[in-house]
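Here's the letter readout for the chains.
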Amino acid sequence: MNIYIKNKLQMASYILISLVGCGEKEIIQDIPASIPVSLISDIALGDSITVKQAREQNVPNKELIIEGFIGGRENPFAQGRAIFAFGDDALETCDEIPGDNCATPWDACCESREKIISSILTIQIVDENNNVLKGTLMNVNGIKGGLRLKIKGVVDANSKPEAMIFNAENIEFL
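Numbering of residues begins from 1 in every chain and follows the order in which that chain's sequence is written. Since the coordinates come from a predicted model, pLDDT governs what is reported: local features require at least 70, and pairs of side-chain atoms require 80 or more to be given and counted, while whole-chain, interface and lining totals use all residues. Side-chain numbers come from the whole structure's heavy atoms, not from hydrogens or water.

## Describing unusual backbone geometry
Thinking step 1. Phi is positive for Asn61, close to 75°, though the residue is something other than glycine.
Thinking step 2. Where helices and strands are cited, they refer to DSSP runs of H or I of at least four residues and of E of at least two residues respectively, numbered from the N terminus. The topology assignment puts Asn61 in the loop between α2 (51–56) and β2 (63–70).
Thinking step 3. The residue Ala108 is not glycine, and still its phi comes out positive at about 55°.

## Quick notes on the state of the cysteines
Thinking step 1. Cysteine sulfur atoms are paired as a disulfide whenever they fall within 2.5 Å. Within this structure, the stated rule accounts for 0 disulfides.
Thinking step 2. Lacking any disulfide linkage, Cys102 is separated from the closest cysteine sulfur, that of Cys94, by 3.8 Å.
Thinking step 3. With no disulfide of its own, Cys109 lies 3.6 Å from the sulfur of Cys94, the closest cysteine sulfur.
Thinking step 4. The classification of residues rests on relative accessible area computed with a 1.4 Å probe and restricted to protein chains. Under 20% of the type maximum is buried, over 50% is exposed, and intermediate values are partly exposed. Look at Cys109 and you get partly exposed, because its relative accessible area is 23%.

## Regarding the environment of Met138
Thinking step 1. Within the fold, Met138 resides in the loop between β4 (120–124) and β5 (148–155).
Thinking step 2. Overall, Met138 belongs to the partly exposed group, its relative accessible area being 36%.
Thinking step 3. Note: C-alpha distance between Met138 and Asn75 (63 residues apart in sequence) is 9.4 Å.
Thinking step 4. Not counting residues within four places of it along the chain, the set of residues in contact with Met138 comprises Phe77 and Ile143. Contacts between residues were defined by any pair of non-hydrogen atoms, one from each residue, lying within 4.5 Å.

## What about the pairing of strand β3 (residues 83–87)?
Thinking step 1. Counting buried positions over the 5 residues of β3 gives 5, a clear majority of the element.
Thinking step 2. Here β3 shows no split at all, with Ile83, Ala85 and Gly87 on one side and Phe84 and Phe86 on the other all buried.
Thinking step 3. Strands pair, by our definition, only if DSSP identifies at least two bridges between them. Of the strand pairs in this sheet, β2 and β3 are connected by 2 bridges, and their pairing is antiparallel. Bridge pairing links Phe69 to Gly87 in β3.
Thinking step 4. Examined bridge by bridge, β3 and β4 share 5 bridges and lie antiparallel to one another. In the sheet register, Gly87 faces β4, and the bridge partner there is Ile120.

Nothing here speaks to function; it is geometry throughout.
Quick look at the structure:
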C-alpha cells in the first residue's frame, strides 16, 4: 500500500475515533489514562470469539468476550482517549512474514484496506457515566501494539455495522 493512501486511511480512522469525545474542548495528548484496577484480570475470562465473529454480533449492549490483538494500524492508540484498534487474528502481521523487519508489525500493512477495515473494531474504556476515559492507553500497565488479549465487555450504544465500538470491562493478557 503506498504511503499516501496509508496516511489518508490513518487520518480518517483517527478522525472517526476522535469524534467519540468531541463535546469537550480540552484535548489530553500523551498523558497516560488512569484505568480501574479491576480492568486487568488476574483470572482467565473464559471462551471467546474472534473480532470478525464479534462484528457479526454487533448489537448495542450485547455482552461478549473477544480475542485478538492490538493493531490494524501503525499507531493503534488514540491520542488523549482510552481507545485502541483491535484486530482479528486472520490479519497477517509483518512479524509472521519471514524476512520482514517492519518496525510496526501489528499494523497489518501487507493486507488489503478492505480486509483490515472488516477485521478490526474499536475498544474503549469508559467511566460509570459511559464517558471515554481521558489519556492514552499506550504503555499503561503493559498495554502496547501487537499485544494479544481477551476482552470482556459490551457493545457500545453508538456502535455501527461499519464501525464497531466495544466497551472493555475486563482485559486478559494472553
